[in-house]
Amino acid sequence: ESERDLYAARHTRSPQAEAFRAVRTNLLFMSTGRKKLRKLLVTSAAPAEGKSMTCIGIGAAMAAAGNRVLLVDTDMRRPRLHRSMGVANETGVSTLLLGETSIENAVKTTEVSGLFVLPCGPVPPNPAELLHSDDFRDLVERLTERYDLVLLDSPPVIAAADAAVLSRLVDGVVFVTRFKKTTKDLAQRMLRSLRDIEAPILGAVLNDVDLESSEAGYYAYKRYGYYGDTPAS
């Protein structure tokens, strides 16, 4: 998990890293002429679509641009950011909400300069209630004061109501889909459910594109590698 999720951060001249820089550029343009994007939610329709990897990739790209970025694991049912980032999970969001620790003790540094992570902490029996509480809303605001960008890694929309709850606390939602796995019908239904509660959807990330497939279309140029690797003739 760690090698896959941190691949773009560790291989900064790879096509994967370049793709995340393109996402970063789009998000920065979206901040122009409107409220600056300080809190983002990364979610997906169903499990195993690359949501956490995308969250990490966007965070690493933003950190590389000189921002202080915090990844927050709000998937209190199947947390995984602590495994991806190689940090302990004894303290985190759940223990902060219970008043058992401080932000300073709960937030962990990572191998990526400028990128920090707040793990989920011990899995609580009532995740939806915790995320719906005023204490969690206050926690998100306090974190936003300390970091340039806060990225919430949420459960899939289809799995729980948590993503819908979290979407009302952020400046924008990034929706992750997986090539030839996420059906159009499922994606449309999940997006409709977010729009019904007026979630600020910014756009979608298409993940795991098969570059050898003719269906990949113009994405296939990525197979030739990062253009900076070859000197101009």
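Residues numbered from 1 in each chain as written. Predicted model: local features only at pLDDT ≥ 70, side-chain atom pairs only at ≥ 80, totals over all residues. Heavy atoms only, no water.

### Considerations on the confidence of the model for the protein
- When pLDDT is averaged along the protein, the result is 88; 89% of the residues meet or exceed 70.
- Contacts for the low-pLDDT stretch residues 220-233, under 50 throughout, to residues beyond four places or in other chains number 14 contacts. (pLDDT = per-residue confidence, 0-100. Contact = heavy atoms within 4.5 Å.)

### Considering the environment of Val23
- Secondary-structure assignment places Val23 in helix H3 (residues 15-30).
- Taking relative accessible area as the criterion, Val23 reaches 17% and is therefore assigned buried.
- Considering only alpha carbons, one finds Val23 and Ala204, 181 residues apart in sequence, at a separation of 9.7 Å.
- Ignoring anything within four residues of it in the chain, the contact list for Val23 reads Ile58 and Val205. (Helix = DSSP H or I, 4+ residues; strand = E, 2+ residues; numbered from the N terminus. Buried < 20%, exposed > 50% of the residue type's maximum accessible area, 1.4 Å probe, protein only.)

### Describing the sheet that holds strand S1 (residues 39-44)
- Taken together, seven strands build an open sheet; the order of strands is S3-S4-S2-S5-S1-S6-S7 and the sheet is mixed. The open sheet terminates on both sides in strands that have one partner only, identified here as strand S3 (108-109) and strand S7 (201-207).
- As defined by bridge partners, strand S6 (residues 172-178) adjoins S7 across six bridges and the pair is classed as parallel. Residue Val173 lies in a different strand from S7, and its bridge partner there is Ile201.
- Packed on one face of the sheet, helix H9 (residues 134-146) meets S1, strand S2 (69-73), strand S4 (115-118) and strand S5 (149-153) and runs near 120° to S1. (Pairing = 2+ DSSP bridges. Axes fitted to C-alpha atoms, helices over the stretch in contact; angles between N-to-C directions.)

### Some thoughts on the pairing of S6
- The buried fraction of S6 amounts to six of the seven residues, a majority that puts the element mostly inside the structure.
- Examined bridge by bridge, S1 and S6 share five bridges and lie parallel to one another. Note that in S6 the partner of Leu40 across the bridge is Gly172.
- This β-α-β element, S6 to helix H11 (residues 184-196) to S7, shows right-handed connectivity. (Right-handed = clockwise from strand over helix to strand, strands pointing away.)

### Some words on the pattern of salt bridges
- Inspection of the entire model under this criterion finds eleven salt bridges.
- Across the pair Asp5 and Arg4 runs a salt bridge whose closest N-O atoms are separated by 3.4 Å.
- Between Lys39 and Glu141 there is a salt bridge, with the nearest N and O atoms lying 2.8 Å from each other. A residue pair is termed long-range when its members are at least 10 positions apart, and Lys39 in strand S1 and Glu141 in helix H9 qualify at 102 residues.
- The network of salt bridges with common partners includes Glu3, Arg10 and Glu111. (Salt bridge = Lys/Arg side-chain N within 4 Å of Asp/Glu carboxyl O.)

### Regarding H9
- Its 13 residues place the ends of H9 19 Å apart at the C-alpha level, agreeing with the 18 Å of an ideal helix rising 1.5 Å per residue.
- Regarding H9, the residues found buried are Phe136, Leu139, Val140, Leu143 and Thr144. One side of H9 carries all its buried residues, which in axial view fall inside an arc of 135°. Away from the buried face of H9 by more than 90 degrees, exposed residues Asp134 and Glu145 are located. (Expected span 1.5 Å × (residues − 1). Arc of directions from axis to C-beta.)

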